[in-house]
Structures are given as structure tokens and as C-alpha cells.
Amino acid sequence: MIREILTLEQLERLGAPEAAALLRVRQDAGGDDHDDAVFDEWIADPANAEAWTRVCGVWASFDDAGDDAGLQDLREAAQEKPAPRQRWGFAIAASLAVVAATGGALMLNRPDDKGPAGGTLVADAGTVQTLTTAKGEHRSFALADASTVTLNTDSVVAVAYRPGGERRLRLLRGQAYFKVAPDKARPFVVAFEDRTVTALGTAFEVRAEGDAMRVVLVEGRVSVSRTGGAPVVMRAGQQLLAGPQGLTLSTADVGAVDDWQRGVVTFRNTTLKAAAAELNRYADQRLVVTDPRVARLTVSGVFRTDDTGRFARTVEAILPVRVAAKGDTLEIAAADTN
Amino acid sequence: MSASDPVRGAPAAMPEAAVYRPALIQYFRRKTRDQTEIEDLVQDVFLRIAARRSGEAVENLAGYVFQTAASVLADRHRRRTVRHADAHVEFDTERHGSTDFDAVRILEARQSLQKAVAALQSLPERTRTIFVLRRLEGHAYRDIASQFGISVSAVEKHMVRAVQHLVSLS
């Protein structure tokens, strides 16, 4: 094996972070005595010692990876790589598709937009594709089997279709709506931590709420289970909250699933505190309510999720409150105080 | 409690021990393959720092840690022949309440793993696959190279890029 010889000058040119990564990788690849000698000089510099500490910390974080659920999909996908050259071509094609989807985001987000016409992302067998939205965005993606995934604000879904097998997805963050193309032979499975929703042909939403998973079933049937637990079958119009401890079924607000895909949210006698928390999911400009009297005031109506300022002006007009902009925040305070 | 469990002994001795432990292990692995000896050397670094630090803040802790590591190493030759009985301070588990600390450590490890997994998601696909094959599946560099039809040094470059990306998001 031909290997480049490292010199101290070279490492210094790279800068501490890259040099630390390079030294760690070369050590992992089977270090040599020359590297070790250069390393001793290099680490005498405190900045390099700092970089080395960070690199080794990150490297070691995988030591106890064990059966981490998020890694499992990546590991399986990494091993199903028959033709690397083609894969590379595919990866480029896929990222172009994502760029195209971003370009079309404005059009996609229009309330009158019919269905997920925009982002086309082919989830090929044996690869993991990550679908993401930034804060305030919502986007739809068409998968290879004609199922669609719509992501609400600040969300991440990993798609790992297995060749001829399960259509497997994982909600890593946020909220997503799935419209599943019927295929009895290939279960459509959405996982969140150790809980899974399995569907054959249906439409449902999954949302991460802290360490709980909320499932809203719009149509069809799904079964929800956690590793080692008995599955619960949901009927259309129901919602299920799957916390770390157990499952709770109740009647869903199915309209809300439609709402966010149209870029709006409906409040019905919702407290200002709860309304602010909901809208803060969508924008960097945060609504802040500190006064408990103000927090208890309620608001009703349909509001755009992309215009926090507009919501603030509305509540200012209809409630005894004053809104003050302070840097990145809009503070809603009682009208009678200073 | 023995010297072979240095992190457990660390909270009172040196609160940041868990942060430096992986880096110190790799540092000493460049000198010896003996795992027990590596653990002893790491433990010595923590104990020396704890003994000298007496409250006042050290300006660059990382620099100080590896300076200490170098001097531990320099003393290693002497200790090889005459092993000082007092080189190891027995650790009192009762007093240092290992349970809480272990729980925090497990939580921190899980959080850093979750961060790392999330960071992996945003790597280019090929870089991510190579990193996963090496770091999690343990494939040899040359096997990965031939699977992808690239050179070993190209595989190393992907690994370096992955590590830098993970560090920048950690």
C-alpha cells in the first residue's frame, strides 16, 4: 500500500481540526511509527490537543452504538450496496431532485396547491434518503411507489425502502403526513424511536412530541406498536399518543392535518400561551408570553403559520394586549402595564 | 474499585475526565497495545491533574492534559522496573457516589450518539456509507477501497471528511 508520509508542516497547513481527523483516521487504518513521531510534536500545541480531544470524543461516541434504532437503518443501507458507481450517479440524481423541490417550494406551499406535485424523490432500493424541511417550510415528496410524504415545519424523515420488501421510513424530527399507495405485499412502516406505525393503504400523520409519538389516522387502517408490545389497531378519525409508558386513543382533529399542509393553523378557544407555542414551531421570530394573565386569554380563528407578526397584530386588535418587538422576539404583554 | 476503572474514579478527581478519556486512550495506544497498561496510564494522568490542580483554573486544559500525559509516559520506564505501591490511589465508591455519575454519563453518551447519528444523515451518501462500513461494520480500509473501486487513501479522505463533519456538528 502506498501511503503519503505526514510532516508536521503539512499538518499545520491543514489546521487543527482537519489534522486531528486525519491523524485519527490514519491511526484507525493501521498507523505507523512515522505518524506517531509526528503526532508527538503535533499534540504539544494546546490547540491541537483540543482538536484531538474533540475528534476522539466523536469517534468514541459510536463505541456503545449497540442497537441504536437510528443507526440500524443506516447500517442496513450501507451493506446493501451492490454497484457503487451506479449508486453515486443515483445520489447525484437524488440531490438534484431535492434541489428542484426546494426551487418549487413556493408554488408547493400555496394553499390551493393540489396534492404533492412538487418534490419527486425516488426512494431506491437499499439506499437511505433523508427528507428535510427548514423552520417555516412544508414540502411534499413522491416516493418510488407513488406514496407521498408531506413534511411540516422543521422535520426530518429518513426513507429506506428494501428491495421488494418493507417500505420503511423513520420520523427523526417534527411532523409528517403519509399517503400510502396500496401494496399488500410491501408493508409501509413508519418508525419513531421504538414505536412503529404499519399501514397497507391509508393516509395518516405522525408527529414527534418530545419523546412521545402522536399518530392521526385520516383514512384507512393502521396498527401501532412498540418493540415487544402488542399492536393497537386505529380507525379513521382517531388519534393515538404513544409515549414511553403507554398508548392513549382519542378522537382526532383531522382538519388540523389538512390545515398545516395549507400553511394555516386553526385555534378554537386556544390559550395565547398554547397558540404562541404552536406558531413558534414555524418561525424564528418567537412569540413570548410571560404575564400569566395574558397567557390565559384565548383566541379563535384560522391563522397563517408563515406570518407571526400578523397573528400578533390580530390579537392586539381583539384582546387587551400590547405587542412589542424585542430583537428576535415579539412580546405579548397586558395592555395596561408598561 | 481498582485502577482499571479510571472514569468511575474521575468525578471527584477530575470532572472533565470523561471528555478526555477517548483522546488519552488513543494517545497511549500509539505507544503500547497493552489495554491494561493503557488504562493505568490514563488513570495516572487524571490522578496527577487532580493532585496538582487544587482549585485554580487551568488556562488550556487540553494542553495541560496532554502535557501531563507526556510526563506520565516519560515516567513509565521507571515504573516498568520498580512499580511504586503508591502510584495508585484506591478509590472510595461510597464517597464518590458512582451511581449518579454513571447515569449522567450514560445519558451524555446516548445524547452524543444521537447527535452523531443525526450528523451522519446530512453527509453525502458515499461518504456516509464508507464511514458506516468502517466505523460500525468494521470493514477493512482496503476492502472498502476495492468495493468502491477507489484507492485506500481515497477511503481515508472520505473518513476524514466524515469525522470533520461529525465534529463540526457535535
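Cut-offs and rules
Residues numbered from 1 in each chain as written. Chains lettered and ligands numbered in written order. Predicted model: local features only at pLDDT ≥ 70, side-chain atom pairs only at ≥ 80, totals over all residues. UniProt positions renumbered as here; feature names shortened; annotations may be inferred. Helix = DSSP H or I, 4+ residues; strand = E, 2+ residues; numbered from the N terminus. Buried ≥ 20, exposed ≤ 12 C-beta atoms within 10 Å, placed from the backbone. Contact = placed C-beta atoms within 7 Å. Pairing = 2+ DSSP bridges. Axes fitted to C-alpha atoms, helices over the stretch in contact; angles between N-to-C directions. Parallel < 35°, antiparallel > 145°, perpendicular 65-115°, else oblique. Nonpolar A, V, L, I, M, F, W, Y, C, P; charged D, E, K, R; others polar.

Chain B carries the name RNA polymerase sigma factor in an unreviewed UniProt entry, which gives Glacieibacterium frigidum as its organism. For chain B, the Sequence similarities (unreviewed entry) comment in UniProt is given as "Belongs to the sigma-70 factor family. ECF subfamily."

In the annotation of an unreviewed UniProt entry, the entry for chain A reads Iron dicitrate transport regulator FecR, and the organism field reads Glacieibacterium frigidum.

Helix and strand content of chain A: 11 helices and 20 strands. A total of 338 residues make up chain A; the buried ones form 38% of that total. Partitioning the intrachain contacts of chain A with sequence separation of at least 6 by distance along the chain shows that 45% fall at a separation of at least 24.

Let us now look at the sheet that holds strand S12 (residues 222-226) of chain A. Residue and element names in this part refer to chain A. Taken in spatial order, the 7 strands make up an open sheet running S2-S5-S6-S8-S9-S12-S13, and their pairing is mixed. In this open sheet, the two strands that pair with only one neighbour each are strand S2 (129-132) and strand S13 (232-234). Taken over all neighbouring pairs, the strand axes of this sheet differ in orientation by 25° on average, direction set aside. Alignment of S2 against strand S5 (residues 156-161), held across 4 bridges, turns out to be antiparallel. Bridge pairing in S5 places Thr130 opposite Ala158. Contacts between helix H5 (residues 69-79) and the sheet are confined to S5, strand S6 (167-173) and strand S8 (188-192), with S5 contributing the most and set at about 40° to the helix.

This paragraph deals with the sheet that holds strand S17 (residues 286-288) of chain A. Residue and element names in this part refer to chain A. Taken together, the 3 strands give an open sheet; going across it, the order is S17-S20-S19, and neighbouring strands pair in mixed fashion. Only two strands of the sheet have a single neighbouring strand rather than two, namely S17 and strand S19 (321-326). Taking each pair of neighbouring strands and ignoring which way they run, the sheet shows an average axis angle of 25°. As judged from the 3 bridges shared by S17 and strand S20 (residues 329-334), these two strands associate in the parallel manner.

This paragraph deals with the pairing of S20(A). Summarising the sheet, S19(A) and S20(A) pair through 6 bridges and their orientation is antiparallel. Residue pairing in the sheet places A:Lys326 in a bridge with A:Thr329 of S20(A).

Two elements in contact, H5(A) and helix H7 (residues 125-136) of chain B, have axes separated by 9 Å at closest approach and are oriented at 105°. Comparing the axis directions of H5(A) and H7(B) gives the class roughly perpendicular. Of the residues in H7(B), those touching H5(A) at A:Leu71, A:Leu74, A:Arg75 and A:Ala78 are B:Thr129, B:Val132, B:Leu133 and B:Leu136. Of the residues in the contact of H5(A) with H7(B), the class split is 6 nonpolar, 1 polar and 1 charged.

Chain A puts 48 residues into the contact, and the matching count from chain B is 42 residues. Counting only elements with at least two residues in the side of chain A that touches chain B, the list comes to helix H2 (16-28), helix H3 (33-42), helix H4 (46-60), H5 and helix H6 (84-103) of chain A. The element that contributes the greatest number of residues to the side of chain A that touches chain B is H4(A), accounting for 12 residues. A per-class count over the side of chain A that touches chain B returns 26 nonpolar, 9 polar and 13 charged.

Residues and elements named next belong to chain A. Unusually for a residue other than glycine, Glu193 sits at a positive phi of about 50°. For Asn269, which is not glycine, the phi dihedral falls at a positive 50°. Overall, the presence of 7 C-beta atoms within 10 Å leaves Asn269 in the exposed class.

Following the sequence through the fold, B:Arg126 ends up in helix H7. Residues B:Arg126 and B:Phe148, spaced 22 residues apart in sequence, show a C-alpha to C-alpha distance of 9.2 Å.

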